[in-house]
Amino acid sequence: MPKPQGSRRMWLITKLALAFGIVFVLPALAAMGWWMLQERPGSWRQADWSASGLLPLADQVEGAAIYVMAARTGGLKGAFAVHSWIVTKPAGAIRYTRYDKVGWGTPIRINAYPADGRWYSNTPWIVRAVHGEEAERLLPAVEAAIASYPYARSGDYRIWPGPNSNSFVAHVVSAVPELGARMPANAIGRDFAPGFAALDWSEKTWDLRATLGGYLGFAAGWTRGLEVHFLGLVAGVDITEPAIKVPAFGTLPLAGGTAATDG
């Protein structure tokens, strides 16, 4: 005997709620529990912002260089998200230039921290590095993208769902796809778009992205793989660089994959 229409609808809702809980809620709770066990500074004043030693000294790097970098952020939000930034060095320069978007003072900060500085005591990693002639060729486009960021005024920063530090770096990465950078899956704010709904297709990367104000959306394509977005959290798979994208934990490489673990 077939189930009544109402029962089938309830069965479907139950299945969807269970899938949602497994995919998004459980990883988020696990990340929060893990984060609570970590030693963390009590405030930004107590945090370590010093150079991590991850990057070589600028005067020891031959030619130009561009780095996209990230580190876990501070406070409770560090359980779910990273902070990202951009570092550049023209050929012949003896110092790096670091660009961050922050929520206080002048939004786009230049050299406010060491190029490879820890963020709220958290050690950074390199999301993408480009060197030599390729970096020299891309530097003008990167600098133009930084200068054209539309949320660069005081008061434009919004911690969630954006525009925030990750929205800024995502803008540059999207404007210069030749960088080959893939934003960390737990870079909350990377999918922010103004307005209620946005649909974006990139002919250069063959990626389609749809979002409802950064709260809900999806992405599919060559560099994105397949992603589902909920409240800034990302779940999905990467095909070209085999990996799974786990909410709050980031991109976890599979056998044969080269993706860096986010955090």
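Residues numbered from 1 in each chain as written. Predicted model: local features only at pLDDT ≥ 70, side-chain atom pairs only at ≥ 80, totals over all residues. Heavy atoms only, no water.

Draft legend 1. Here's a closer look at unusual backbone geometry. For the peptide bond that leads from Trp 160 to Pro 161, omega is 0°, which places it in the cis range. In this model, Gly 162 is joined to Pro 163 through a cis peptide bond whose omega is 5°. Along the chain, Pro 163 turns up in the loop between α2 (132–147) and α3 (165–175). A positive phi is found at Leu 231, a non-glycine position, where the angle reads about 55°. By the secondary structure assignment, Leu 231 is in the loop between β9 (225–230) and β10 (233–238). What makes Leu 231 partly exposed here is its relative accessible area of 37%. (Helix = DSSP H or I, 4+ residues; strand = E, 2+ residues; numbered from the N terminus. Buried < 20%, exposed > 50% of the residue type's maximum accessible area, 1.4 Å probe, protein only.)

Draft legend 2. Representation of the sheet that holds strand β4 (residues 108–110). Spatially, five strands are ordered β4-β3-β2-β1-β5 in an open sheet, and the strand pairing comes out antiparallel. Of all strands in the sheet, those with a lone pairing partner are β4 and β5 (125–131), marking the two edges. The mean inter-strand angle of the sheet, taken between neighbouring strand axes irrespective of direction, is 20°. The pairing of strand β1 (residues 65–72) with β5 spans six bridges and is classified as antiparallel. Residue Met 69 lies in a different strand from β5, and its bridge partner there is Ile 126. Each of β1, β2 (82–89), β3 (97–101) and β5 touches α2; the most contacted strand, β5, lies at about 115° to it. Sheet strands touched by α3: β1, β2, β3 and β4. Its angle to β2, the strand with the most contacts, is close to 45°. (Pairing = 2+ DSSP bridges. Axes fitted to C-alpha atoms, helices over the stretch in contact; angles between N-to-C directions. Contact = heavy atoms within 4.5 Å.)

Draft legend 3. The packing of α2 against α3, seen in detail. Where α2 meets α3, the closest approach of the two axes is 9 Å, and the angle between their N-to-C directions is 140°. Taken together, α2 and α3 sit at an angle that is classed as oblique. The hand of the α2/α3 crossing is right-handed. Along the contact surface, α2 presents Val 142, Ala 145 and Ile 146, while α3 presents Phe 168, His 171, Val 172 and Ala 175. In terms of residue class, the contact of α2 with α3 is made up of six nonpolar, one polar and no charged. (Parallel < 35°, antiparallel > 145°, perpendicular 65-115°, else oblique. Left-handed = near helix turned anticlockwise from the far one by under 90°. Nonpolar A, V, L, I, M, F, W, Y, C, P; charged D, E, K, R; others polar.)

Draft legend 4. Focus on the sheet that holds strand β12 (residues 250–253). Read from one edge of the open sheet, seven strands run β6-β7-β8-β9-β10-β11-β12, paired in antiparallel fashion. Unpaired on one side and paired on the other, β6 (198–202) and β12 mark the two borders of the sheet. Strand-to-strand twist across the sheet, computed as the mean angle between neighbouring axes with direction ignored, equals 10°. Here five bridges tie β9 to β10, and the two strands are oriented antiparallel to one another. Residue pairing across strands places Leu 226 opposite Val 237, the latter belonging to β10.

Draft legend 5. Spotlight on the environment of Asp 59. Within the element layout of this structure, Asp 59 appears in the loop between α1 (5–36) and β1. Sequence separation between Asp 59 and Ile 94 is 35 residues, and the spatial gap between their C-alpha atoms is 4.4 Å.

Draft legend 6. A look at the pattern of salt bridges. Per the stated rule, a full pass over the model turns up 11 salt bridges. A salt bridge links Glu 227 to Lys 245; the shortest N-O distance between them is 2.5 Å. Of this pair, Glu 227 sits in strand β9 while Lys 245 is found in strand β11 (residues 243–246), placing the two residues 18 residues apart along the sequence. The class for Glu 227 is buried, based on a relative accessible area of 1%. With a relative accessible area of 8%, Lys 245 lands in the buried category. Among the ionic contacts, a cluster of salt bridges with common partners joins Arg 190, Asp 191, Arg 224, Glu 227 and Lys 245. (Salt bridge = Lys/Arg side-chain N within 4 Å of Asp/Glu carboxyl O.)

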